[in-house]
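# An overview of the molecular structure
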Amino acid sequence: MVVGTPFLTVEQIQKKNRELADMISADYRGKNLLAVGILKGAFIFFSDLVRLIRVPLTIDFIIASSYLKAETSGEIKVHYHLREDISGKDVLLVEDIVDTGITLNYLRERILNAQPRSLKICTFLNKKERREVDVPIDYVGFEIPNKFVVGYGLDYDNKYRNLPYISIFKNIA
Ligand code: 5GP
């Protein structure tokens, strides 16, 4: 397995995070921001991002995993849902990567059912070519090609999450 070459470097990631945080800070000025991280994958991006946002906020997490039963259908399991009351809050859902969109669409609908004042979505990475469910995304870090990536919170078999950069995962026998 080769994960050594950065596809997105630490410097590119930091620059992008500052840009995203600037947009978010401007958009949420005077609002009641609740930032929600989707675990495990978004844990590093989320913690970097919230430290760069310059408006008061509260945080919460959702732990979700998807089990692909077939190419086109996924079953989402939510292991931990929001503890914060989200009615009247301006919720920003923060994801590591959007692939088919199935996970995010499912979580988005669950959150909308709880009637937040507003809901926006921020993803660090977006694999548009793989989209199966059209889910609106408000802030995108990087558009990436259809490759499996690891690092910066993203895993292969729960490994490589601690790489400080994003690498394209190559499984060589
Ligand atoms: P979706 O429901 O959009 O198909 O899948 C989203 C989830 O699939 C992500 O939160 C992530 O856990 C996983 N995933 C999708 N593409 C990749 C990838 O390239 N690398 C890693 N490590 N996980 C991915």
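Keep in mind the model is a prediction, meaning the values are calculated, not measured.

## A word on the sheet that holds strand β9 (residues 166-168)
- Read across the sheet, 3 strands follow the order β1-β9-β8 without closing on themselves; strand pairing throughout is antiparallel. Since the sheet does not close on itself, it has two edges, and those belong to β1 (6-8) and β8 (149-150), each with one partner.
- In the sheet, β8 pairs with β9 via 2 bridges, with the strands oriented antiparallel. Bridge pairing in β9 places V150 opposite S167.

## Comments concerning unusual backbone geometry
- Each neighbour pair has its own omega, and for L39 with K40 the value is 5°, a cis peptide bond.
- Checked against the element boundaries, K40 lands in the loop between β2 (33-39) and α2 (43-52).
- With a phi close to 55°, Q115 is a non-glycine residue in the positive phi region.
- Secondary-structure assignment places Q115 in the loop between α3 (102-113) and β6 (118-126).
- Exposure remark for Q115: the relative accessible area of 59% places this residue in the exposed category.

## Overview of the pairing of β2
- The buried fraction of β2 is high, at 7 of 7 residues.
- Here β2 shows no split at all, with L33, A35, G37 and L39 on one side and L34, V36 and I38 on the other all buried.
- Two strands pair when backbone bridges link them, and β2 and strand β5 (residues 90-98) are joined in this way by 5 bridges, in the parallel orientation. Across the sheet, L34 pairs through a bridge with V91, a residue of β5.

## Here's the deal with the nonpolar core
- Formed by 28 residues in total, the largest nonpolar core has its most connected members in I24, L49, L125 and I166.
- Listing elements by their share of this core, those giving two or more residues are α1 (10-27), β2, α2, β5, β6 and β7 (139-143).
- Counting residues per element, this core draws most heavily on α2, at 5 residues.
- When sequence neighbours within four positions are dropped, the list of residues in contact with I166 reads T5, P6, F7, L8, I13, F124, L125, V149, V150, G151, Y152 and L154.
- Counting residues in hydrophobic clusters, the runner-up holds 18 residues, among them V98, I102, L107 and I121.

Parameters and conventions
- Residues numbered from 1 in each chain as written.
- Predicted model: local features only at pLDDT ≥ 70, side-chain atom pairs only at ≥ 80, totals over all residues.
- Heavy atoms only, no water.
- Pairing = 2+ DSSP bridges.
- Helix = DSSP H or I, 4+ residues; strand = E, 2+ residues; numbered from the N terminus.
- Buried < 20%, exposed > 50% of the residue type's maximum accessible area, 1.4 Å probe, protein only.
- Core = buried A, V, L, I, M, F, W, Y, C linked by side-chain atoms within 4.5 Å.
- Contact = heavy atoms within 4.5 Å.

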